[in-house]
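# Descriptive analysis of the structure
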Amino acid sequence: MMDLTSGSFPLFPSRCCFGIPVRLHYLFIVFLALQVVGSILYGGLWPLYWFLLLGPILLVTVLIHELGHSLAARQVGGRVEGILLWPLGGLAFIGHAKGPKADMWVAFAGPLTHIPMTAFWVGILFAATFIAYGTTAIQLAWPHPLTYRNLGVAVCVGAILVSAALKHHI
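The paragraphs below set out a description of the structure included in this document. All figures in this text were calculated on a predicted structure; none of them were measured in a lab.

## What to know about the overall build of the protein chain
The number of helices and strands found in the protein chain is five helices and four strands. In the protein chain, the succession of helices and strands from N to C terminus is β-β-α-α-β-β-α-α-α. With the principal axes as the frame, the protein chain shows a C-alpha extent of 55 × 35 × 25 Å. In the protein chain, once contacts between residues fewer than 6 apart in sequence are set aside, the share between residues at least 24 apart is 55%. In the form shown here, the protein chain has an accessible surface area of approximately 9,600 Å², with 72% of it arising from carbon and sulfur atoms. The average position of the 8 basic charges and that of the 4 acidic charges among the side chains of the protein chain differ by 10 Å.

Rendered as structure tokens:
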């Protein structure tokens, strides 16, 4: 059997997230570095934007999603061996033997975490829009040109789109 955790390292001190070991694959860092370097061609704040969006925001979004699966598995009496985060999403190493209802709960628990995450980012978007433009009339569009004044708006819009996209694809 192939070891899926090879090429990864512990992200937090031992069993920091609800007692669940979390590992980060090296390819996540390579993917992030390539995106940031590629965005240098666009100039301005784009490298910072992509670093924030595909670094900590994507990482935390995928981690919370996988924690949803993991904690649901525990809730139905299953075991959780760990979580692996990598560029294509995350893997929760879990198992249980409680039947189809429990399977459905464990499967839906990950995507359900995106509801509060999206609500959080929409709330932050209202504040960022007010700070940048003096209004709370939000739009789910990247501001152009990207400036320090509207970087917060761009990051919030990106985070909302990441959360919405991952809800359906992880």
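Additional details are given in the paragraphs that follow.
## What about the side chain of His25?
Residue position: His25 is located in strand β2 (residues 22–25). From its side chain, His25 meets the backbone oxygen of Ser6 in a polar contact 3.4 Å long. Those residues in contact with His25 that lie beyond four places of it in its chain are Ser6, Gly7, Ser8, Leu84, Leu85 and Trp86.

## Here we look at the sheet that holds strand β4 (residues 89–95)
Taken together, four strands build an open sheet; the order of strands is β1-β2-β3-β4 and the sheet is mixed. Only two strands of the sheet have a single neighbouring strand rather than two, namely β1 (8–10) and β4. Ignoring which end each strand starts from, the neighbouring axes of this sheet average 25 degrees apart. Looking at chain direction, strand β3 (residues 79–86) and β4 are connected through seven bridges and run antiparallel. Residue pairing across strands places Ile83 opposite Ala92, the latter belonging to β4. Strands β1, β2 and β3 of the sheet are contacted by helix α1 (residues 26–39), whose axis makes an angle of about 50 degrees with β2.

## Here we look at the pairing of β2
Where β1 meets β2, three bridges bridge the pair, whose relative direction is antiparallel. Looking at the pairing, Pro10 lines up with Arg23 of β2. As paired strands, β2 and β3 are joined by three bridges and run parallel to one another. What sits directly across from Val22, in β3, is Ile83.

Rules and cut-offs
Residues numbered from 1 in each chain as written. Predicted model: local features only at pLDDT ≥ 70, side-chain atom pairs only at ≥ 80, totals over all residues. Heavy atoms only, no water. Helix = DSSP H or I, 4+ residues; strand = E, 2+ residues; numbered from the N terminus. Contact = heavy atoms within 4.5 Å. Areas by Shrake-Rupley, 256 points an atom, 1.4 Å probe, with all protein chains shown as cover. Lys, Arg positive; Asp, Glu negative; His and termini not counted. Charge placed at Lys NZ, Arg CZ, Asp CG, Glu CD. Polar contact = N/O pair within 3.5 Å; in protein donor to acceptor, adjacent residues only side chain to side chain. Pairing = 2+ DSSP bridges. Axes fitted to C-alpha atoms, helices over the stretch in contact; angles between N-to-C directions.

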